[in-house]
Amino acid sequence: MMVATADNTLSVLANSALFPGLDEAQLKSVASEMQLYTFSRGDVLYKEGDEASYLFLITSGSVDVFKKVDAENSTSEQVKLISLGVGEYVGESMLSNLPINATIIASQDETSALRLDHSAFSVLLKQHPALSESLLKGLTHELRTFRTVLTSTLAKNGSKVVSTQLKATTKVIQMAVFDFMKHEKVSFEAAVASLQATLPADTQLQVRYFESKLDVSTARLAAGCQVVCIFVNDTASAEVLTLLNALGVQLLALRCAGFDMVDLKVAKALGIDVARVPAYSPYAVAEFAVALAMSLNRKIVPASLRVRQGNFSLAGLVGFDFHGKTVGVIGTGKIGQCFIKIMLGFGCKVVCYDAYPSKEVATWENVSYVTLDELYAQSRIISLHAPLLPETKHMINAESLAKMQKGVVLINTSRGGLVHTQSLIDALKRGHVSAAGLDVYENEKSLFFEDHSLTIMEDDHYVRLMSFPNVIVTGHQAFLTEEALEKIGSVTMENVRQRFVDGKRGKELENVVL
């Protein structure tokens with residue numbers, strides 16, 4: 001770290017949003033108290049827990065903001081929340097005499113920042129009343145434009161103060177629901193009404209519905225909400241969670257079982273509870289997976305199209321009996337188990353793989369756990385029911401596909417990211433995979449749940465998949481039954497009730513994601 005006097009301090013301050021409206025003389029007063037610090041990559045500007053005794057205004061390069069996953073553990077892993085660049089500032093919590101609640105590290109060599117010490121700043125405020133007014137305007141502008149969101153994140157216990165104030169002054173629970181779709185309106189609003197009817201007399205639940213997905217650009221819509229409710233294609237990245245934390249969000253309620261869209265370590269570091277709907281209807285998804293397999297095997301789609309056109313030829317429509325075939329099931333949770341039972345009903349032999357095998361499933365007749373390589377080699381049909389985790393991403397790739405028997409039928413109703421799409425396309429072109437049924441797709445976020453029928457499809461992988469007559473792609477609808485929608489609504493509202501009526505936190509929540 002190097003310290004110098006900045007020749008351009010005056011111009012940097014004049015262009016900063018922190019002190020708008022100051023004349024040249026006032027800017028010179030501030031500039032005279034600032035020094036330019038130059039940092040190498042990895043240098044620490046602030047350490048979590050430090051007293052906020054100075055403010056840094058970044059003039060070149062960038063800094064990363066890190067926070068401990070477990071604030072009570074001195075050796076806890078740190079996770080990155082957000083990056084800040086030129087014109088951004090850190091250390092504003094010195095205005096409220098609160099310590100820093102994150103570690104600030106230079107992310108580039110030659111990162112420079114103007115430093116203003118708290119003692120010098122206090123003298124300036126007394127000498128120049130206009131500076132206080134300018135600072136207030138600057139901070140207000142920052143909040144309004146949402147360029148700076150770290151005031152509460154970087155203030156020690158800031159979010160806890162907000163929570164206490166809410167409990168002391170209001171009994172209103174406000175929830176923002178993102179990516180809300182027409183098909184869930186009736187069931188979800190019924191679940192909301194049911195919870196509202198059972199709340200204590202002094203408590204209200206107010207819900208805002210948004211068709212837009214949650215991401216960095218839409219997070220501000222949750223301002224004033226303690227709960228944000230999301231679906232499978234929303235984004236709860238580190239940056240989004242940092243924004244939500246700054247807005248006072250305390251619970252992320254997932255309307256689904258999967259949680260791969262959430263940075264769980266950052267959520268924990270920020271004190272945001274994450275609760276899901278672990279099993280809305282395993283039957284719905286399992287039955288849909290079977291429907292895809294049956295439709296592909298017996299060529300239902302092309303057969304139906306032929307008859308509509310007056311073509312009753314049976315050429316090319318030959319399938320095979322499921323009875324007596326070996327079916328591979330990857331993932332033996334609730335959905336996987338339902339799928340296994342259906343396959344057993346067809347008279348199939350089932351081989352399974354799961355990182356955490358079920359003792360119950362292992363006792364079932366005609367079902368056995370095997371290695372992945374054994375499952376690939378033995379199975380005529382393979383159905384995926386595994387979660388998307390770092391270790392399962394692209395588990396179906398060129399190497400694993402090559403281990404499968406020629407003519408295998410691949411079904412995926414779990415998560416699109418389990419399958420490397422180009423590798424699947426290559427295997428389909430070679431005829432190694434005889435058919436694929438996909439209710440999920442790794443690039444579905446920009447496609448599914450919206451009408452693109454009048455637009456040019458720019459996703460070449462999707463277009464290529466749709467060119468195969470032996471591929472069925474559906475729009476993530478395997479879960480879509482009346483029973484599943486009712487369960488999603490009721491469990492989501494139960495998660496909200498446990499958190500804000502019963503006062504449960506973390507592991508106390510029945511459906512918390514750990």
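Below: a short report on this structure. (Residues numbered from 1 in each chain as written. Predicted model: local features only at pLDDT ≥ 70, side-chain atom pairs only at ≥ 80, totals over all residues. Heavy atoms only, no water.)

## Observations regarding the environment of valine 277
So, step 1. Tracing the sequence through the fold places valine 277 in the loop between strand 14 (273–275) and helix 10 (282–297).
So, step 2. The exposure class assigned to valine 277 is buried, which follows from its relative accessible area of 1%.
So, step 3. It is 5.0 Å that separates the C-alpha atoms of valine 277 and alanine 257, two residues lying 20 residues apart in sequence.
So, step 4. Residue contacts for valine 277: discarding those within four places in its chain leaves Leu254, Arg255, Cys256, Ala257, Lys487, Ile488, Val491 and Thr492. (Helix = DSSP H or I, 4+ residues; strand = E, 2+ residues; numbered from the N terminus. Buried < 20%, exposed > 50% of the residue type's maximum accessible area, 1.4 Å probe, protein only. Contact = heavy atoms within 4.5 Å.)

## What to know about the pairing of strand 18 (residues 381–384)
Sheet faces and side chains relate simply in a regular strand, where the side chains alternate between the two faces.
So, step 1. Burial along strand 18 is two-sided: the face carrying Ile381 and Ser383 and the face carrying Ile382 and Leu384 are both buried.
So, step 2. As defined by bridge partners, strand 18 adjoins strand 19 (residues 408–412) across 4 bridges and the pair is classed as parallel. Looking at strand 19, one finds that isoleucine 381 is bridged to valine 409.
So, step 3. In the classification by handedness, the crossover that spans strand 18, the intervening helix 14 (residues 398–403) and the parallel strand 19 is right-handed. (Pairing = 2+ DSSP bridges. Right-handed = clockwise from strand over helix to strand, strands pointing away.)

## Re the nonpolar core
So, step 1. Judged by nonpolar contacts, the single largest core of 89 residues is most densely connected at Val228, Ile230, Leu241, Leu244 and Leu252.
So, step 2. Per-element accounting of this core gives the leading share, 8 residues, to helix 10.
So, step 3. With residues near it in sequence (within four places) discarded, leucine 241 still touches Ala236, Leu252, Asp263, Val266, Ala267, Leu270 and Ile272.
So, step 4. The next biggest cluster of nonpolar side chains, apart from the first, holds 32 residues, and it includes Tyr376, Leu384, Leu424 and Tyr441. (Core = buried A, V, L, I, M, F, W, Y, C linked by side-chain atoms within 4.5 Å.)

## Section: the packing of helix 7 (residues 185–198) against helix 17 (residues 482–500)
How two helices sit against one another is set out by the angle between their axes and by the gap between those axes.
So, step 1. At a minimum axis separation of 8 Å, helix 7 and helix 17 run at an interaxial angle of 35 degrees. Considering how the two elements wind past one another, helix 7 and helix 17 form a crossing that is right-handed. For the pair helix 7 and helix 17, the contacting residues are Ser187, Phe188, Ala191, Val192 and Leu195 in the first and Leu485, Glu486, Gly489, Ser490, Thr492, Met493, Val496 and Arg497 in the second.
So, step 2. Taken together, the residues of the contact of helix 7 with helix 17 sort by class into 7 nonpolar, 4 polar and 2 charged. (Axes fitted to C-alpha atoms, helices over the stretch in contact; angles between N-to-C directions. Left-handed = near helix turned anticlockwise from the far one by under 90°. Nonpolar A, V, L, I, M, F, W, Y, C, P; charged D, E, K, R; others polar.)

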